[in-house]
Amino acid sequence: MDTPHQQFASDNYAGTCPEALEWFLKANGSGHEPAYGDDRWTERSSNMFRELFGIDCDVYYVFNGTAANSLALASLCQSYHSVICSPVAHVETDECGGPEFFSNGSKLLVAEGHSEAAQRGKLTPQAVETLVTKRNDIHYPRPKVVSITQATELGTVYSVDEVRALSWAAQKHQLKLHMDGARFANAVAHLECTPADITWKAGVDVLCFGGTKNGLPVGEAVIFFDKALSQDFAWRVKQAGQLASKMRFISAPWVGMLENDVWLRNARHANQMAQRLYSGMRAIPGVQVRHAPQANGVFAQLSALTIAALRDRGWKFYEFIAGGGCRFMCAWDTSEATVDALLSDLRKVSA
Ligand SMILES: *Cc1c(COP(=O)(O)O)cnc(C)c1O
């Protein structure tokens, strides 16, 4: 049998994991079912989230991460408010102004990017403090939310203490804390903490829990730990065109992911493959790996010649960091053989 074709461009290149697919088919096999989330799988997966987080949270399902983040942030802000985030935050760089659009104009305030933490994709309490205290006059959009990405866009992970410190910095100024968890599973797998430890117990108000990159066909969960904040959120989702009428096809695969902690197993595997790739790359002369991966991505500086030669050999990966930084993402199904094949080619072309 042919080995499946795999790439390192993004973890969303991967397909659906068997458990999610099995539940997708189960939801399809029972005939007609109530629409718009009134089905038993939506109830079941939502209860599974409540059990997983150990709190009676409000759970909503949307099609993708851009909508999850944009609508979550919009629900926390008035149009004259602002959201503090890192310069590499997905909400800032990769959502086409979605958060601003869905909030009717809430501005993103980008923190400085020079500190060591910032170089690793993280926001710091100091950066939050600086932005909040810089201005407090009526001409400046009033800070209302701190948004962090867990795991970060640069493959690092905030520790529980780091999230707590950010939450204190936010609370000091009555700001809410939003977590973009497109790779939340990879962060939990790295930290070996409970999902509660790194979210509501550390002060997170709203979590966008990513499923797509971790093995779902489609669909992210927006989880409100403070139910007072989710008032009217269902209408916001509907108006944005994000209410799936056949919601069972998003929620049933989530049941497959949450049952037996498949979400965690998938993420652990992806993280392990990133470690394997990192170890191999570090041993190759001419390849400069930026920092040890904590989640499922490896970031390396490669020469233009090496990049071109890898592409000639059919490898796909993103180069979106200034100065020749290349990103290699591992997915729930990335095989050791694929990692080793990339390393083997990299050894040849960087020689
Ligand atoms: C992939 C990703 C998202 C979601 O992107 P969509 O393409 O809208 O699903 C959000 N945040 C981060 C950090 C991501 O990597």
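For every chain, the first residue of its written sequence is number 1, and the numbers climb from 1 along that sequence. For a predicted model such as this one, the threshold for reporting local features is a pLDDT of at least 70, and the threshold for listing and counting side-chain atom pairs is 80 or more; totals across whole chains, interfaces and linings nevertheless cover every residue. Here the side-chain values reflect all heavy atoms present in the structure, with hydrogen atoms and water set aside.

## Re the site of the ligand
Residues are classed as near a molecule or strand on a simple rule: at least one heavy atom within 4 Å of it. Around the ligand, a shell composed of Asn 64, Gly 65, Thr 66, Asn 69, His 90, Glu 95, Thr 149, Glu 153, Asp 180, Ala 182, Arg 183 and Lys 213 is seen. Each polar contact in these results corresponds to two N or O atoms within 3.5 Å; when the atoms are within protein, one needs to be able to donate a hydrogen and the other to accept it, and residues that are neighboring in sequence are counted only if both atoms are side-chain atoms. Within the backbone of Gly 65, one N or O atom sits 2.9 Å away from an oxygen atom of the ligand. Interatomic distance of 2.6 Å between a side-chain N/O atom of Lys 213 and an oxygen atom of the ligand. In the complex, the protein chains occlude 82% of the 380 Å² of accessible area that the ligand would expose alone. In terms of residue count, the dominant contributor to the shell around the ligand is helix H3 (residues 65–76) (3 residues). All accessibility values rest on the Shrake-Rupley procedure with a 1.4 Å probe; residue burial counts only the protein chains present in the view. Strands are runs of DSSP state E lasting at least two residues, helices are runs of H or I lasting at least four, and both sets are numbered from the N terminus onward.

## Looking at the pattern of salt bridges
As a working rule, side chains carrying opposite charge can pair if their charged atoms are close by. By salt bridge we mean one thing: a side-chain nitrogen of Lys or Arg within 4 Å of a carboxyl oxygen of Asp or Glu. As enumerated under the stated definition, the model contains 17 salt bridges in all. Its salt-bridge partner being Glu 162, residue Lys 122 comes within 2.9 Å of it at the nearest N-O pair. One end of the pair, Lys 122, is in the loop between helix H6 (116–119) and helix H7 (125–134); the other, Glu 162, is in helix H8 (residues 160–172), and 40 residues separate them in sequence. Assessed through its relative accessible area of 14%, Lys 122 is described here as buried. Bridged by salt links that share partners, the residues Arg 50, Asp 56, Asp 58 and Lys 227 form one connected network. Note on classification: 1.4 Å probe, protein chains only; a residue is buried when its accessible area is under 20% of the maximum for its type, exposed when over 50%, partly exposed between these limits.

## Looking at the packing of aromatic side chains
Pairing of aromatic side chains here covers Phe, Tyr and the six-membered ring of Trp, requires ring centres within 6.5 Å, and sorts the geometry by plane angle: under 30 degrees stacked, over 60 edge-to-face, intermediate tilted. Scanning the model with the defined rule gives 17 aromatic pairs in all. Relative to Phe 328, the ring of Phe 8 has its centre 6.5 Å away and its plane inclined at 70 degrees; by these criteria the two rings are edge-to-face. Of the two residues, Phe 8 sits in the segment before helix H1 (18–29) while Phe 328 sits in strand E11 (residues 325–329), which places them 320 residues apart along the sequence. Of the residues examined, Phe 8 reaches a relative accessible area of 1% and is grouped as buried. Considering the side-chain rings of Phe 101 and Phe 102, the 5.0 Å spacing of their centres and the 85 degrees angle between planes classify their relative orientation as edge-to-face. Classification of Phe 101 as exposed rests on a relative accessible area of 61%. For Phe 102, a relative accessible area of 29% gives the class partly exposed. Put simply, the rings of Phe 49, Phe 53, Tyr 61, Phe 184, Phe 209, Phe 225, Trp 254 and Trp 263 pair up and form one aromatic cluster.

## Digging into the domain arrangement of the protein
All the domain ranges listed were derived from an automatic or database domain assignment. Taken as a whole, the protein is organised into domain 1 (18–261) and domain 2 (262–350). Between domain 1 and domain 2, the C-alpha centre-to-centre distance is 27 Å. The contact definition used throughout considers only heavy atoms, calling two residues in contact when any of these lie within 4.5 Å. Contact with domain 1, which involves 28 residues of that partner, is made by 20 residues of domain 2. Summing both partners gives a buried area of about 2,100 Å² for domain 1 against domain 2, and 55% of it is carried by carbon and sulfur. The largest contributions to the domain 1 side of the interface with domain 2 come from Leu 154, Asn 186 and Asp 261, which together make up 25% of the buried area. For the pair domain 1 and domain 2, the interface holds 1 salt bridge. A salt bridge links Glu 19 to Arg 265; the nearest nitrogen and oxygen atoms lie 2.8 Å apart. Counting only elements with at least two residues in the side of domain 1 that touches domain 2, the list comes to H1, helix H9 (184–191) and helix H11 (248–258). With 5 residues, the top contributor of residues to the side of domain 1 that touches domain 2 is H9. The term buried area means the drop in 1.4 Å probe accessible area that two parts suffer when joined, counted for both and summed.

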